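Structure assessment
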Amino acid sequence: QKEVEQDPGPLSVPEGAIVSLNCTYSNSAFQYFMWYRQYSRKGPELLMYTYSSGNKEDGRFTAQVDKSSKYISLFIRDSQPSDSATYLCAMSATRGYGQNFVFGPGTRLSVLP
Amino acid sequence: SQTIHQWPATLVQPVGSPLSLECTVEGTSNPNLYWYRQAAGRGLQLLFYSVGIGQISSEVPQNLSASRPQDRQFILSSKKLLLSDSGFYLCAWSVTGRAYEQYFGPGTRLTVT
């Protein structure tokens, strides 16, 4: 079992749809959970990070962490064509960099006008 | 505000040739610096990270090396490139103790022929 798994997609949705992107993980030591957006041929851009369980909202984006299920989600409301990108989750057991820092392989999202 | 630069943006090199990729950060002091490689359709693989001048930690044994000659400069090198070194190379920075909040550069796309 890989340490972090994401559905690779591609996931295609119509403009205005609610998108749910998910990651599952196996290491119960993870405490910090991040979501990055990566446009084609560009560097990843940090969208948001959360600590431990719970929800965090930023505009149209909501991150949700369920540590009991080892499952995290990113919801995008009112999706736009400009949201078309690859979304990477990342997780860390500590505040500083350590061995327990992992990126998921990414989910490619296409929002169709 | 902080800015991270990488160059060159694109590079095509023959097998056996040397490599030098450069990353610089502006607007911050004593950042933690990271080199990642991203193969086509794959997640991010951490290659090296640095917490200070001359301090380099390697995550995986490979044909590459890294150096940090100045506080905000991070260099990725190879003496002899292999075909398997092709990929998208990304530099990132974070504040010390906040590895969960990394900011990425635009990347260098390397093709070894």
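Residue positions are counted from 1 within each chain, in the order its sequence is given. A letter from A marks each chain and a number from 1 marks each ligand, given out in the order of writing. Only residues with pLDDT of at least 70 get local features here, since the model is predicted, and only at 80 or more are side-chain atom pairs given and counted; chain-wide, interface and lining totals rely on the full set of residues. Side-chain descriptors were evaluated using all non-hydrogen atoms of the structure, hydrogens and water having been removed beforehand.

**Observations regarding the sheet that holds strand S3 (residues 19–26) of chain B**
All names here are of chain B. We treat two strands as partners when DSSP finds at least two bridges between them. Here a helix means four or more residues in a row that DSSP labels H or I, a strand means two or more in a row labelled E, and each is numbered from the N terminus. Overall, antiparallel pairing links the 4 strands, which are arranged S1-S3-S8-S7 in an open sheet. The outermost strands of the open sheet, each flanked by one partner alone, are strand S1 (3–7) and strand S7 (65–70). Strand-to-strand twist in this sheet, taken as the mean axis angle between neighbours without regard to direction, amounts to 20°. Strand direction decides the pairing type here: S1 and S3, joined by 5 bridges, are antiparallel. In the sheet register, Trp7 faces S3, and the bridge partner there is Glu22. Axes here mean lines fitted to C-alpha atoms, for a helix over just the part in contact, with angles spanning 0 to 180 degrees between N-to-C directions.

**Re the interface of chain A and chain B**
The partner chain B presents 22 residues to the 18 residues of chain A that form the contact. Summed over both partners, the accessible area (1.4 Å probe) lost when two parts come together is defined as the buried area. Between chain A and chain B lies a buried interface of about 1700 Å² when both sides are counted; carbon and sulfur atoms form 59% of it. Per-residue buried area on chain A facing chain B is highest for Arg95, Tyr97 and Phe103 of chain A; these three make up 34% of the total on that side. Salt bridge, as used here, is a side-chain nitrogen of Lys or Arg placed within 4 Å of a carboxyl oxygen of Asp or Glu. At the boundary of chain A and chain B, one finds 0 salt bridges. Residues adjacent in sequence count toward polar contacts only when both atoms are side-chain atoms; beyond that, a polar contact is any pair of N or O atoms within 3.5 Å, and within protein one must be able to donate a hydrogen and the other to accept it. If you look at where chain A meets chain B, you find 3 residue pairs in polar contact (both at pLDDT 80 or more). Of all elements in the fold, only strand S4 (32–38), strand S5 (45–51) and strand S10 (101–103) of chain A reach the threshold of two or more residues within the side of chain A that touches chain B. A breakdown of the residues in the side of chain A that touches chain B according to their chemical character gives 11 nonpolar, 4 polar and 3 charged. Residue contacts are counted whenever heavy atoms from the two residues lie within 4.5 Å of one another. Under this grouping Gly is polar, as are all residues other than the nonpolar Ala, Val, Leu, Ile, Met, Phe, Trp, Tyr, Cys and Pro and the charged Asp, Glu, Lys and Arg.

**Observations regarding the packing of aromatic side chains**
Each pair of aromatic rings taken from Phe, Tyr and Trp, with Trp reduced to its six-membered ring, is defined by centres within 6.5 Å and is described as stacked if the planes are under 30 degrees apart, edge-to-face if over 60, and tilted in the remaining cases. All told, the structure shown has 15 aromatic pairs over all chains when counted by the stated rule. On the basis of an interplanar angle of 50° and a centroid distance of 5.5 Å, the ring pair of Tyr36 of chain A and Phe103 of chain A is categorised as tilted. Residue Tyr36 of chain A is found in strand S4, and its partner Phe103 of chain A is found in strand S10; the two are separated by 67 residues along the sequence. Neither Tyr36 of chain A nor Phe103 of chain A differs from the other in exposure class; each is buried. When the centroid spacing of 6.1 Å and the interplanar angle of 75° are considered together, the rings of Phe103 of chain A and Phe104 of chain B count as edge-to-face. Here the residue Phe103 of chain A occupies a position in strand S10, and Phe104 of chain B occupies one in strand S10 (residues 103–104), the pair thus bridging two chains. The burial state of Phe103 of chain A is the same as that of Phe104 of chain B; both residues are buried. Just above the ring of Tyr49 of chain A sits the side chain of Lys56 of chain A; from NZ or CZ to the centre is 4.3 Å. The classification of residues rests on relative accessible area computed with a 1.4 Å probe and restricted to protein chains. Under 20% of the type maximum is buried, over 50% is exposed, and intermediate values are partly exposed. The criterion is that NZ of a Lys, or CZ of an Arg, lies within 6 Å of the ring centre and within 35 degrees of the ring normal, and then a charge sits over that ring.

**Structural notes on the nonpolar core**
Nonpolar side chains in soluble globular proteins tend to end up buried together. Residue and element names in this part refer to chain A. Here, nonpolar core refers to any group of buried Ala, Val, Leu, Ile, Met, Phe, Trp, Tyr and Cys residues whose side-chain atoms link them within 4.5 Å. Counting 25 residues, the largest nonpolar core has Val4, Trp35, Ile72, Leu74, Tyr87 and Met91 as the members making the most contacts within it. Looking at this core, the elements that each hand over two or more residues are strand S3 (19–25), S4, S5, strand S7 (61–66), strand S8 (71–76), strand S9 (85–92) and strand S11 (107–112). Dropping the residues within four chain positions of it, Val4 is found in contact with Cys23, Thr24, Tyr25, Phe30, Cys89, Met91, Val102, Gly104 and Pro105.

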